[in-house]
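# Geometric and topological summary
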Amino acid sequence: MAGLKDKLYSKIQEWRPRTTRLLKEYGDVKVDDVTISQIIGGMRDIKCLTTDISYLDPMEGIRFRGFTIPEVLEKLPKVPGSEMPYVEGFYYLLLTGDLPTDEDIKEVAGEFRKRQDVPLYVIDILRTMPRDTHPMTMLSAAVVAMQRESIFARDYHKLNKMDYWDATYEDSLNLLAKLPQIAAYIYRMKYKGDTIIYPDKELDMGGNFAHMMGIDTPYDDISRLYFILHSDHESGNVSAHTGHLIASALSDIYYATSGMINGLAGPLHGLANQEVLAWIQDVIHSMDGKIPNEEEMKTFVWNTLKSGKVIPGFGHAVLRKTDPRYTAQREFCLKYLQGDPIFKFVDLLYKVVPPILLEQGKAKNPWPNVDAQSGVIQWYYGVREYDFYTVMFAVGRALGVTANIIWGRALGYPLERPKSLTTEMLEKAAGIV
Ligand code: CMX
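Residues numbered from 1 in each chain as written. Predicted model: local features only at pLDDT ≥ 70, side-chain atom pairs only at ≥ 80, totals over all residues.

Of all hydrophobic cores here, the largest spans 113 residues; its most connected members are Phe90, Leu94, Leu139, Ala183, Ile186, Val391 and Ala394. Looking at this core, the element that brings in the most residues is helix α9 (residues 164-191), giving 15 residues. Apart from residues lying up to four places away in sequence, Leu139 is in contact with Ile182, Ala183, Ile186, Ile261, Val391 and Ala394. (Core = buried A, V, L, I, M, F, W, Y, C linked by C-beta atoms within 7 Å. Buried ≥ 20, exposed ≤ 12 C-beta atoms within 10 Å, placed from the backbone. Helix = DSSP H or I, 4+ residues; strand = E, 2+ residues; numbered from the N terminus. Contact = placed C-beta atoms within 7 Å.)

Relative to the elements of secondary structure, Pro418 occurs in the loop between α19 (389-410) and α20 (423-430). Sequence separation of Pro418 and Lys306 is 112 residues, and the distance between their C-alpha atoms is 37 Å.

What follows is about the site of the ligand. The ligand sits among 20 residues. The nearest are Ala272, Gly315, Ala317, Ala363 and Lys364. Looking at side-chain class alone, the shell around the ligand contains nine nonpolar, eight polar and three charged residues. (Near = placed C-beta within 6 Å. Nonpolar A, V, L, I, M, F, W, Y, C, P; charged D, E, K, R; others polar.)

With that settled, the discussion passes to helix α16 (residues 324-336). Helix length check: α16, at 13 residues, gives a terminal C-alpha distance of 18 Å against a target of 18 Å (1.5 Å per residue), a fit within 8%. Within α16 the residues assigned to the buried category are Arg325, Tyr326, Ala328, Gln329, Arg330 and Phe332. For α16, the elements touching its buried residues are β2 (61-64), α3 (69-75), α11 (219-229) and α18 (371-380). (Expected span 1.5 Å × (residues − 1).)

Once that is clear, we can look at α18. Counting buried positions over the ten residues of α18 gives nine, a clear majority of the element. For α18, the complete set of buried residues consists of Asp371, Ala372, Gln373, Ser374, Gly375, Val376, Ile377, Gln378 and Trp379. Where the residues of α18 are buried, they touch α11, α14 (272-286), α16, α17 (341-360) and α19. At the exit of α18 stands Gly382, carrying a positive phi of roughly 100°.

This part is about the packing of α16 against α18. At a closest axis distance of 8 Å, the pairing of α16 and α18 adopts a crossing angle of 30°. The pairing of α16 with α18 is recorded here as roughly parallel in orientation. Pair α16 / α18 crosses with left-handed handedness. Residues Tyr326, Gln329, Arg330, Phe332 and Cys333 of α16 lie in contact with α18, whose contacting residues are Ala372, Gln373, Ser374, Val376 and Ile377. Taken together, the residues of the contact of α16 with α18 sort by class into six nonpolar, three polar and one charged. (Axes fitted to C-alpha atoms, helices over the stretch in contact; angles between N-to-C directions. Parallel < 35°, antiparallel > 145°, perpendicular 65-115°, else oblique. Left-handed = near helix turned anticlockwise from the far one by under 90°.)

Before going further, it helps to examine the pairing of β2. As judged from the four bridges shared by strand β1 (residues 54-57) and β2, these two strands associate in the antiparallel manner. Bridged to Asp57 within β2 is Gly61. Two successive antiparallel strands, β1 and β2, enclose a turn made up of three residues. Alignment of β2 against strand β3 (residues 67-68), held across two bridges, turns out to be antiparallel. Bridging across to β3, Arg63 finds its partner in Thr68. Count of turn residues in the β2/β3 antiparallel hairpin: two residues, of which Arg65 carries a positive phi of about 45°. (Pairing = 2+ DSSP bridges.)

Once that is clear, we can look at the packing of α14 against α18. Relative orientation of the contacting elements α14 and α18 amounts to 70°, with a least axis distance of 8 Å. Judged by the angle between their axes, α14 and α18 are roughly perpendicular. Classified by chirality, the crossing of α18 by α14 is right-handed. From α14, Ala272, Asn273, Gln274, Val276 and Leu277 reach across to α18, where they touch Asp371, Ala372, Ser374, Gly375 and Trp379. A breakdown of the residues in the contact of α14 with α18 according to their chemical character gives five nonpolar, four polar and one charged.

Next comes the structure, spelled out in structure tokens:
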């Protein structure tokens, strides 16, 4: 693929001297101090990773290659007849840092189309898994099963270190092109009586996913929005960091992506979007199908907190304001889901939960994150099997994780290996033993 790959290579060549210079001439410059609470407390806020794909400001939220979410949605070329940009164009932006032209997008879309056929053994593997297997387990298994396809793993012994990114790029495009089809297949196999809808090779990634799910417009736009919003959130979150860590051992994209999917499947991370809908259904169920009023809702929130559980979809390890990914989806809901009872419920949660979390005084961020809103849209358009929601998150996250790994290889980021200390060493550092 001449255009994107050539452009990426020239960007890589421009960038390499910056990393080399920092490392060689300024390697001893101190950027951060580390406290005991950060060491015990999940390494919060320690500045120890580098990425230029996205940056997360605690107050403003995510920027992809310098662009906010509204800017990305406004500036990227749109799929004709729809409101949302091409996912393919967004991937071009993640990889190169430049906004694509229509021609650029056409090329990336053509490349994905060429590579999208899923090997039959993947379908066979999925079919042999018990049908009650979680769809995230199925997705992870499908991806790792395809590891035998890895060009990087095949050629590793022959490759020059400076060229690692190239084989990784090929693996990334090969995998990304297949992920929507694998995800849609899991959905139709598990919940729709194994009725496959084959891809339509004329469609873009988001449009094709909606087609293979069997859901009409505007679900194509929802899919585009969903994949873009979930793509990247800096490199420290569990899924992105897992992908990066695994790839740092020079494991290929298939191993790294399967691992990132496993991290995303945790209820404190990507699975929270499933948890939100499950929690809402529980509440509605215990109200005999009635949507609770504000006072009843407050009681449910407090009861959840008192039982020692978290309110899914609220709080964040880095953000300290409402997640702009939540806001982007809320705007979509305000346009298309007005009057929908579940949306009304979620909107009421927006009003009720933050003051309660503030009153409880534990969560550092009482505001909603992306997961509080995404399930509502899926539910409204007929995807009511909420254990599938995180699978779509994973398809989106693979865009960011692969872009990061390609760049990591291009810039020669080494094996990741932080240092551990014993509890006694920390006690000594604290001067208490
Ligand atoms: N409900 C109840 N308690 C919460 C809470 C919430 N939504 N968010 C944070 N807290 C609690 C924490 O559990 C913690 O309690 P303990 O001190 O008893 O352990 C305390 O507040 C401090 O936590 P924090 O520093 O504010 O948040 P963390 O960085 O530790 O955790 C997160 C961040 C997202 C895991 C947490 O806010 C949470 O569990 N939220 C609900 C799950 C969720 O929505 N996850 C999705 C996040 C987005 C994503 O990655 O997809």
